[in-house]
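Spelled out, the chains give:
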Amino acid sequence: MYGMLYESVQHYIQEEYGMDTWKKICQIVDCKHNTFKTHQIYPDKLMPDIAAALSACTGESFDFCMNFFGRCFVRFFSNFGYDKMIRSTGRYFCDFLQSIDNIHLQMRFTYPKMKSPSMQLTNMDDNGAVILYRSGRTGMSKYLIGQMTEVAKEFYGLEMTAYVIESQNDICGGTAGPIKLTEGPLTVVVKYRLDFDNRDYMAKRVNIVAHPTQLKMPPVDLNVFLELFPFTFVLNHDMKITLAGEKIIETWILHNPGVNPKTFIGTHVMDVFKCRRPKDTKIDWNTILQMRTVLFEMELIRTGHNRDAYDAALNMDYENFDEMSLNEAQTMALAKADEFEKEQEKEQEEAAATKHDEIDPATGQRRPSVGLRSILLKGQMFYIKDVDSLIFLCSPLIENLDELHSIGLYLNDLNPHGLSRELVMAGWQHCSKLEIMFEKEEQRSDELEKSLELADSWKRQGDELLYSMIPRPIAERMRMGQEHVCQSFEEVSVIFIEVMNIYDSGSTNVQEAMQAVNTLNKVFSALDEEIISPFVYKVETVGMVYMAVSGAPDINPLHAQHACDLALRVIKKVKSHNLPDVAIRVGINSGPVVAGVVGLKVPRYCLFGDTVNTASRMESSCDPWKIQLSNYTALKVRDVGYRVEARGFVKVKGKGDMETYWLLEGPEE
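Please read all numbers here as calculations on a predicted model, not as lab measurements.

### Details of the overall build of the protein chain
- When you go through the protein chain residue by residue, the secondary structure sums to 22 helices and 18 strands.
- In the protein chain, which comprises 669 residues, the proportion classed as buried is 43%.
- Considering only residue pairs separated by 6 or more positions, the protein chain has 67% of its internal contacts joining residues 24 or more positions apart.
- As displayed, the protein chain has an accessible area near 38,000 Å², and 52% of this comes from carbon and sulfur atoms.

Written as structure tokens, this is what we have:
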């Protein structure tokens, strides 16, 4: 089923019973869809499952829930403008009932995979009507009653009650299809009685009694109809063809080479045609009389296509048929027809063997279907009282010139009146325009896709650059428009790392300066590789000094341990590079800080407080290849197994004498 049906169910369950009920239903039926897409196909069984779940949640019966869903659908599709289509079918409710199949026929262009049921109005009286419902789905009979009730009430102002008179192959609570106990497809058939006030329709029905002016008109010969509609045929009570237009006979011979053209007249209609629409309809006299407003699509049954056999068949005397009396052309035509039939069988076998692979790997396009298309006739069945017969007034369904040639017809073969020829030409021109437009749109789509990929790439690069300057959580808050507020942290560990002996400040040699920059880049890149987010965050680099912090902007109770781990790793990392004369020293201190983004151009995430100053002093008073800890930091990490050694008291600028420690190694694993 299309998602539009489930959209209506979801909307009105939430409106009538609340969001909590809908969530509970989704849990019961294990529905993974938060929303339904209008043109997407969903499992048929989901509808009765939702109805059963709603019944369990509310205490209503299953039939009531299916009826409710049908009424919801009618209310819902008005939002799409389909109510105008319903209102335009006729002045009376019976006009709508007669046009249901035609509505489904038109809707297949918007919903091409729609498996629409077939409904025929079989009887009418002052108190209502009887309709016959046919479908390949089971369990939808109460859903249909809800739809009919709501249409009668909303669009025609009628109070209607409906009930089932007869039912065949219908299984309550399932939509998988009828259970097949015998060979051949089974169809759900349900006959409904609809009770409503139908007196106005019955009183104003036209053509019940012929108008006096019609009685004075001379009778019209059926040959006139056959000339106006060359694809028309006439049926008697036995549904056998009694008369037919010239073009339908010629087309039948063309698609059935070698057959006697005289056998077309007198043949049962279902022996030469297949009823495409309405589906699963019993073709008999009484059924067709009740379907005068329904559009039929009849497909001509064919066995082949051979122009030589066609010409030979038209010139052959079948009444005095004798194989020995055949002329050379007729013998060759029949031989070609027989050869063509064998080729058709071979092609069909090959098509069946390769049916799963419809895409040509060489071109990437769909392979053309094997064989030629059959002609499809569309029209209405009319009852002519004067000859007590049914006449199928129709025209061939042809979209463009390619399709016209594929069924062996030409423009002159089409009806001389109406717009058949113009529509074929217009369809061909329109198709060419559509192909050009499609190619342009496809090209635009490719360009747009590349532009989107490029935009995504730029966005990722911009995000990476932004996150390298500002912590991700801070950047996300700034994107949401929040003010640049400072944030205080009760305790963090600040790390300073200085690269030593890398450049002589008194040197004026440009080459030495460039060499110093390259060396500094190698060291800082090595330090960047050891930063493990979110445990440690790189704050900035100033000159030869590298600054990092643990515990901000992401709060981390193990900040001292992570800061010491980083220090031990970077000492080992830089030593492994074997850079001549280059050394580093590290200082760490723990305590409270205030952090925030500073500046508009090239904004930076900065730390402020005495903790930062003390950490800087720990680094500046440290020895090469050493890690110096403040007293507070050393006590924190020593308690968890880190090995430290007292250095003693060190004179620190602005602080006086401070007791510091060397970090020797981490805890034993």
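Okay, back to it.
### What about the packing of aromatic side chains?
- Counted under the stated rule, the structure contains 20 aromatic pairs.
- Judged by centre distance (5.8 Å) and plane angle (85°), the rings of Trp285 and Tyr383 are edge-to-face. Within this pair, whereas Trp285 is found in helix 13 (residues 285-289), its partner Tyr383 is found in strand 9 (residues 376-384), the two being separated by 98 residues in sequence.
- By relative accessible area, Tyr383 is classed as partly exposed at 33%.
- Within the aromatic cluster, the residues linked to one another by ring pairs are Phe233, Trp252, Phe264, Phe273 and Phe392.
- The ring centre of Tyr12 lies 5.0 Å from the NZ or CZ of Arg75, which sits over that ring.
- It is Lys626 that lies over the ring of Trp662; its NZ or CZ is 5.4 Å from the centre.

### Comments concerning the side chain of Ser389
- Mapping Ser389 onto the fold places it in strand 10 (residues 389-396).
- Given a relative accessible area of 9%, Ser389 falls into the buried group.
- Of note is the side chain of Ser389, whose polar atom sits 3.0 Å from the backbone oxygen of Val387.
- Other than its neighbours up to four places away in sequence, Ser389 contacts Val234, Leu235, Trp285, Phe382, Tyr383 and Ile384.

### Some remarks on helix 2 (residues 19-29)
- Restricting attention to buried positions, one finds in helix 2 the residues Thr21, Trp22, Ile25, Cys26 and Val29. The buried residues of helix 2 all sit within an arc of 140° when viewed along its axis, so they share a single face. With respect to the buried face of helix 2, the exposed residues turned more than 90 degrees away are Asp20 and Gln27.
- Those residues of helix 2 that are buried are in contact with helix 1 (3-17) and helix 3 (46-58).
- Two residues or fewer after helix 2 comes Asp30, characterised by a positive phi angle close to 55°.

### Describing the pattern of salt bridges
- In total, this model carries 18 salt bridges according to the counting rule given.
- The closest approach of N and O atoms between Glu150 and Arg75, which form a salt bridge, is 3.7 Å. Pair noted here: Glu150 is in helix 7 (residues 141-156) and Arg75 is in helix 4 (residues 62-77), with a separation of 75 residues, a long-range link.
- You can call Glu150 buried: its relative accessible area is 6%.
- Judged by its relative accessible area of 25%, Arg75 is partly exposed.
- With its nearest N and O atoms 3.1 Å apart, the salt bridge here joins Arg193 to Asp125. Taken together, the residues Arg193 in strand 4 (residues 188-195) and Asp125 in strand 1 (residues 118-125) connect sequence positions 68 residues apart.
- Here the salt bridges share partners, and the residues they tie into one network are Glu529, Glu530, Arg569 and Lys573.

### Topic: the sheet that holds strand 1
- As summarised here, the arrangement of the 4 strands in space is 1-2-4-3, forming an open sheet in which the pairing is antiparallel. Strands with a single pairing partner mark the edges of an open sheet, and in this sheet they are strand 1 and strand 3 (161-168). Between one strand and the next, the sheet's axes are offset by a mean angle of 20°, whatever the strand orientation.
- With 7 bridges joining them, strand 3 and strand 4 adopt antiparallel strand pairing. Each bridged residue has a counterpart across the sheet, and for Tyr163 the counterpart in strand 4 is Arg193.
- Together, strand 1, strand 2 (128-135) and strand 4 form the strand contacts of helix 6 (residues 93-107), whose direction differs from that of strand 1 by roughly 165°.

### Notes on unusual backbone geometry
- In this chain, Ala552 is followed by Pro553 through a cis amide linkage whose omega measures -5°.
- Here Pro553 lies in the loop between strand 13 (545-550) and helix 20 (559-576).
- For Asn578, which is not a glycine, the phi torsion comes out positive at approximately 55°.
- You can call Asn578 exposed: its relative accessible area is 64%.
- A positive phi angle is found at Trp625, which is not glycine, with a value near 60°.
- Tracing the backbone shows Trp625 in the loop between helix 21 (610-620) and strand 16 (627-630).
- Using a relative accessible area of 28% as the deciding quantity, one classes Trp625 as partly exposed.

### Some thoughts on the environment of Arg276
- Among the structural elements, Arg276 can be located in strand 7 (residues 273-277).
- Excluding its chain neighbours within four sequence positions, the residues that come into contact with Arg276 are Glu297, Glu299 and Leu376.

### A look at the nonpolar core
- Membership of the largest hydrophobic core comes to 64 residues, with the highest contact counts inside it found for Phe69, Phe93, Phe96 and Leu97.
- Phe96 has contacts with Ile86, Thr89, Ile103, Met148, Val151 and Tyr156, leaving out every residue within four places of it along the chain.
- Counting residues in each nonpolar core, the second largest holds 32 residues, with Ile497, Val574, Leu579 and Ile627 among its members.

### Some details on the packing of helix 1 against helix 2
- Two elements in contact, helix 1 and helix 2, have axes whose closest approach is 6 Å; the angle formed by their N-to-C orientations is 130°. Of the possible angle classes, the one that applies to helix 1 and helix 2 is oblique. Where helix 1 abuts helix 2, its residues Gln10, Ile13, Gln14 and Tyr17 lie against Met19, Thr21, Trp22 and Ile25.
- Counted by class, the contact of helix 1 with helix 2 contains 5 nonpolar, 3 polar and no charged residues.

### Let's talk about the pairing of strand 16
- Alternating residues of strand 16 divide into Ile627 and Leu629 and Gln628 and Ser630, and every residue in both groups is buried.
- Pairing analysis gives 3 bridges linking strand 14 (residues 583-598) to strand 16, with the strands arranged parallel. Paired with Gly587 across the two strands is Gln628, which belongs to strand 16.

Parameters and conventions
Residues numbered from 1 in each chain as written. Predicted model: local features only at pLDDT ≥ 70, side-chain atom pairs only at ≥ 80, totals over all residues. Heavy atoms only, no water. Helix = DSSP H or I, 4+ residues; strand = E, 2+ residues; numbered from the N terminus. Buried < 20%, exposed > 50% of the residue type's maximum accessible area, 1.4 Å probe, protein only. Contact = heavy atoms within 4.5 Å. Areas by Shrake-Rupley, 256 points an atom, 1.4 Å probe, with all protein chains shown as cover. Phe/Tyr/Trp six-rings, centres within 6.5 Å; stacked < 30°, edge-to-face > 60°. Lys NZ or Arg CZ within 6 Å of the ring centre and 35° of its normal. Polar contact = N/O pair within 3.5 Å; in protein donor to acceptor, adjacent residues only side chain to side chain. Arc of directions from axis to C-beta. Salt bridge = Lys/Arg side-chain N within 4 Å of Asp/Glu carboxyl O. Pairing = 2+ DSSP bridges. Axes fitted to C-alpha atoms, helices over the stretch in contact; angles between N-to-C directions. Core = buried A, V, L, I, M, F, W, Y, C linked by side-chain atoms within 4.5 Å. Parallel < 35°, antiparallel > 145°, perpendicular 65-115°, else oblique. Nonpolar A, V, L, I, M, F, W, Y, C, P; charged D, E, K, R; others polar.

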